[in-house]
Each structure stands twice: as C-alpha cells, then as structure tokens.
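# Descriptive structure summary
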Amino acid sequence: MLSDTIVAISTALNNSAIAIVRLSGDEAFDIAQEIFDRDLSKHKVNEMIYGHIVKDGQILDEVYLVKFSKGRSFTYEDMVEINCHGGVYITREVLNLCLSKGARLALRGEFSKRAYLNGRIDLAQAESINDIINAQNSIQAKSAIKGISGSIAKLIDPLLEKIMAMIGMIEVNIDYPEYDDVTIITHEHLVPEVQKWIKELEVMIQKAERFRIVKDGLKVAIIGKPNVGKSSLLNALLKKDKAIVTEIAGTTRDLVEDSVVLDNITLHLIDTAGIREASDVVEKIGIERSLKAIEEADLVILLIDASRPRDDEDQRLYELVKDKKHLVVFNKTDLNGQVKGMKIAAQKGEIDELLDYFNNLCLSNLSLIDEDILNNERQIALARSSRDTLKEVLKAALNGVDLDLLSSDLYTAYHDLSMIVGKDYEDDLIDHLFKNFCLGK
Ligand SMILES: Nc1nc2c(ncn2[C@@H]2O[C@H](COP(=O)(O)OP(=O)(O)OP(=O)(O)O)[C@@H](O)[C@H]2O)c(=O)[nH]1
Ligand SMILES: [Mg+2]
C-alpha cells in the first residue's frame, strides 16, 4: 500500500544544532497534529510554523514544522518536516512519538521511491539525488544537480519519441490496414532511421564513457616486467611510500591499490606483480592478478626499463595490452635518456610528462560537463543494450525480414532505453496510439 504514512530521521544521527524528522503519506498532517501544540489547520502549507512537540502533556522540544501538500511535495504526498533540536536522544524521541501515533518507519530510500512511483521524478533523477549526497568534488556535484533537474530525460526523450513513432506506424499498418491517414512504412523508411538512431546512441555512450573518467576518475593498472620500477612509480604518483621497493625482482606479489587526486583528475592506481615465467606459487598467483587487473583497468601503463635493452618479454607484454587503452612509459631514464616515447625516472620523482598526460586527458573532456550526459554504468549499459538491439534490427531489415517481425525488437530497444528513466513502455505505446492516431473514433 502506497499511502501508509512513513517517517524517518532525514539528517545524520549525531548531536547537532538541528535535525529533521520527515513524515509522508495520507496521515502525515493528522499524526503531526497529534504531537504538535499549534492548530495546523490555521497555517498555510510551506510555512515555517513555530511550536512545541508534546509527549504525555509535557513539552518535549521546541521546533519549527512545515506542511507540504499532496502534489506539491517531494513525494507528491502530504508531507511534514519537523525541524527539532539535533540531539540524538531528542530526535529519536520525536521519531518514536510519530511511530506511536501510527506512522511506519520508512525503508531505505523510500521517500525517493515514492517520489518516483508517484511521478514526481524519474529513475535517473532518483539516482542523481543519491549522487549529489555522495558527491566528492565539484564535477560530481554539478553533474548530479543537472541530473536532478531532468537532464537524462531531456537527452533520451527525443530518441524515444522517434522510435515509438516508428513502432506506432508499423503497428497501425498491421492492425488497421484500412486506416489510410498513416504513412505505409517500408524497409526504405526504416533502414536510414535505425542507422541514425544507432549513431545517436554511439555518440551518447562514447560521451558518457569519456565523462565518467572526469567525474569518477581513471582506473590505471601499472604493469611490466619485474624490477622495471612499477612500485616506484606508484609511490611517486601517490607521493608516499605505499608499496615496498627493492632491487630484488619479484618484490611485489599482490596488487597494491590507492587513489590520488591530481589537478584535474582522480586516479585509482593499481601496482601489480612483475610479469614473468614464475615457478614460485605465490608469485604465480600474483601474476594472475596482474593479468586480471589489465582487464579491469580503464588505462594500462606498460612500464619499460630504459636502462636495459628491449627483449621478447617486453614484446609479449606489449601484445597483452595493445588492444586495450594503454600507454608505454620508459622508466629509469636517468640511467639512459636515449629512448623514444614518454620518459620518467620514478625513483627520483621525475614524472612530469606522465602527470601532464593525465591532466590533459581530463581537460579535453571537461567541457562535457555542459552537455546532457548519461550518468552511471546502469544507464550506459541500457544504452549499449538498446544500440545492440537496433543493430540487430538493422541487419534483419537489410536482409528483408518482414517489418511486423522487426517491431518486437524495436520494442526491446525502446524498452531498454526507456528503463534509463524508468518509464513504462506499454503505457507509452497506448498513449501514443490514442494521442496520435485517434483510433476508435
Ligand atoms: N635509477 C633508477 N632506479 C629506479 C628507478 N625507478 C626504480 N628504480 C629502482 O629499481 C628497483 C626496482 O624498483 P621497484 O619499484 O621495486 O620495481 P617493480 O617494477 O615494482 O618490481 P617488482 O615489484 O619486483 O615487479 C629498485 O631498486 C628501485 O630503486 C629510476 O627511475 N631510476
Ligand atoms: Mg613492485
């Protein structure tokens, strides 16, 4: 049941000046009235009402209380916010009082869930509320606030409308052949449209992936043969002695991970065990983990010892990373500067070329903050899935498969895309058919 009245402490539970206890649901005003010493019916909504919370005839706390009415509140239900003093004891007492008058303790995220189910926000906006609470830098905060204002719907709605219009026309062609106001869709109509949609989605996905690096940082794995200076590079980037460095080949046997915030970008660094033919069982496991880290990284740094001649092992490692986003970096250039490519001397902290590379990588994508962009992995995965289905539709259309058979795949593509904002596509189709074709007139 949606309209039962829920209550929760909406602020962090520690001693502070003020805490907010929030009620939402049909009984919110009545429950508030039972514990508040002013007549709520005499006050307007959205007004800060001064008064007291009363328990067993005794004043419990001096508070400000605000009423928000159905359709105008965060949950679109009747809501009350009680601004009480922020002591843990007093806040809990106010909460318990609401519970004793019939409210139910809200589940995690239930206020936002109600806002979504009642049509106040879409799914992407709900995710953005979570993002703004967890934002750790100005870019994350800015992107979240755009998401809350509905930027994701703005981004995908035009495409959803085009796909739905096409499905609608195909359906009408099939189900109402006598309805002659509608364009008869042929493969020649469909193919260029689907091609355009695939392109749009490709751009959307690519931008989102580039922006994710700006927003959430870059996962970087440092790999190379033993002793090339991987751990020294990790330490130089972190500016601390995180990993053990020795002249013994095979010093690092497990992954060593840490993050660092540079001028423009956050790096999530993984130092790995040097990769070689190992007989030691522990080292072998370490090397397996190194190989896994390559798979999971956004960028792989292949570190090469500039003071030694290149050999087959270096070449083998290059083969391992060449199809991933990678960067070949020469270390120990204090011993030999005669190499072509990016040069560093990790042990001496001479890593400026690499730092410039990272900061520029982010700068080139920073302008994306001003665009409407998919916000997280879930959204990107749905966009990818929609694109892949459209590719199937395109292939089938080019092979002459009947349009009525293609329409169900178009539905799937539409559905995945619509799930980014959590829309119900069946309702959309019905709305669309009635609104645009006046069927049944
Ligand atoms: N001359 C010089 N020596 C370096 C440099 N970077 C690292 N070294 C030395 O190279 C040796 C190996 O360094 P590590 O950072 O432990 O190398 P690694 O790649 O992590 O080695 P494993 O963990 O065994 O795979 C140490 O003696 C470092 O002091 C550098 O830029 N110049
Ligand atoms: Mg090491």
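Residues numbered from 1 in each chain as written. Chains lettered and ligands numbered in written order. Predicted model: local features only at pLDDT ≥ 70, side-chain atom pairs only at ≥ 80, totals over all residues.

The subject of this paragraph is the overall build of the chain. When you go through the chain residue by residue, the secondary structure sums to 14 helices and 12 strands. For 441 residues, the compact-globule estimate of 2.2 N^0.38 gives 22 Å, and the chain exceeds it by more than 25% at 29 Å. Its C-alpha atoms give the chain principal-axis dimensions of about 85 × 75 × 40 Å. Classification of the 441 residues of the chain by burial places 37% in the buried group. Counted over contacts in the chain with a minimum sequence separation of 6, partners at least 24 positions apart contribute 64%. (Helix = DSSP H or I, 4+ residues; strand = E, 2+ residues; numbered from the N terminus. Rg over C-alpha atoms; globule rule 2.2 N^0.38 Å. Buried ≥ 20, exposed ≤ 12 C-beta atoms within 10 Å, placed from the backbone. Contact = placed C-beta atoms within 7 Å.)

Attention now goes to the sheet that holds strand β5 (residues 79–86). Taken in spatial order, the 6 strands make up an open sheet running β3-β4-β5-β2-β1-β6, and their pairing is mixed. Strand pairing shows two members of the sheet lacking a second neighbour, β3 (49–55) and β6 (104–105), which therefore form its edges. Relative to β5, strand β4 (residues 58–68) runs antiparallel, the two being bridged by 5 bridges. Note on β5: the bridge partner recorded for L65 is I82. (Pairing = 2+ DSSP bridges.)

Another point: the site of ligand 1. Residues in close proximity to ligand 1 total 24 residues, the closest being G229, S231, T252, G274 and Q347. Here the shell around ligand 1 takes 3 residues from helix α8 (residues 230–238), the largest share from any one element. (Near = placed C-beta within 6 Å.)

One can read the domain layout of the chain as domain 1 (6–117), domain 2 (151–211 + 373–437) and domain 3 (216–367). Relative placement of domain 2 and domain 3: their C-alpha centres are 43 Å apart. (Domains from an automatic or database assignment.)

With 75 residues, the main nonpolar core has I163, V220 and I222 as its most contacted residues. For I222, the contacting residues outside a window of four places in its chain are K230, L233, L234, L269, I270, D271, T272, I301 and L303. Formed by 31 residues, the second largest nonpolar core is a distinct cluster that contains I53, V63, Y116 and I121. (Core = buried A, V, L, I, M, F, W, Y, C linked by C-beta atoms within 7 Å.)

Direction vectors running N to C along helix α7 (residues 187–216) and helix α12 (residues 377–398) enclose 155°, while the axes themselves pass 9 Å from each other. Here α7 is positioned roughly antiparallel relative to α12, judged by the angle of their axes. In this structure, α7 crosses over α12, and the sense of that crossing is left-handed. In the contact of α7 with α12, the residues fall into 16 nonpolar, 3 polar and 5 charged. (Axes fitted to C-alpha atoms, helices over the stretch in contact; angles between N-to-C directions. Parallel < 35°, antiparallel > 145°, perpendicular 65-115°, else oblique. Left-handed = near helix turned anticlockwise from the far one by under 90°. Nonpolar A, V, L, I, M, F, W, Y, C, P; charged D, E, K, R; others polar.)

What follows deals with the sheet that holds strand β9 (residues 266–271). An order of β8-β9-β7-β10-β11-β12 is seen for the 6 strands of this open sheet, with the pairing classed as mixed. Edge positions in the sheet fall to β8 (256–261) and β12 (342–343), since each of these pairs with one other strand and no more. Summarising the sheet, strand β11 (residues 326–331) and β12 pair through 2 bridges and their orientation is parallel. Among the inter-strand pairings, V329 is bridged to a residue of β12, identified as M342.

A few words on the packing of helix α6 (residues 151–175) against helix α13 (residues 403–418). In the contact formed by α6 and α13, the axes pass within 10 Å of each other and the chain directions differ by 155°. Overall, the two elements α6 and α13 adopt an arrangement that is roughly antiparallel. In the crossing of α6 with α13, the sense of the turn from one axis to the other is left-handed. Along its contact with α6, which presents I156, L159, L160, I163, M164, M166, I167, I170, E171 and I174, the element α13 presents L403, D404, S407, L410, Y411, A413, Y414, L417 and S418.

The next point concerns α6. Under the 1.5 Å per step criterion, the end-to-end length of α6 is 36 Å for 25 residues, consistent within 8% with the ideal 36 Å. Roughly 35° is the biggest bend found in α6, and it falls at D157, with proline P158 one to four residues downstream. (Expected span 1.5 Å × (residues − 1). Bend = angle between axes of the 7 residues up to and from the residue.)

Before going further, it helps to examine helix α1 (residues 28–35). Of the positions making up α1, those classed as buried are A28, F29, I31 and A32. What you see down the axis of α1 is that its buried residues fit within an arc of 165°, all on one side. Buried residues belonging to α1 abut β2 (16–24), β4, β5 and α2 (88–100). (Arc of directions from axis to C-beta.)

A few words now on the environment of N399. Relative to the elements of secondary structure, N399 occurs in the loop between α12 and α13. For N399 and H187, which are 212 residues apart along the polypeptide, the C-alpha to C-alpha distance reads 9.7 Å.

Attention shifts here to the pairing of β8. Pairing analysis gives 6 bridges linking β8 to β9, with the strands arranged antiparallel. Residue V256 lies in a different strand from β9, and its bridge partner there is D271. Hairpin remark: β8 followed by β9, antiparallel, with 4 residues in the connecting loop.

This part takes up the environment of R114. As for its placement among the helices and strands, R114 is situated in helix α3 (residues 110–117). Linking R114 and E313, residues 199 residues apart in sequence, is a C-alpha distance of 58 Å.

Quick look at unusual backbone geometry now. Of note, the phi angle at K239 is positive, near 60°, even though the residue is not glycine. In this structure, K332 takes a positive phi of about 60° despite not being glycine. For K332, the position within the fold is in the loop between β11 and β12. For K332, a count of 24 C-beta atoms within 10 Å translates into the label buried.

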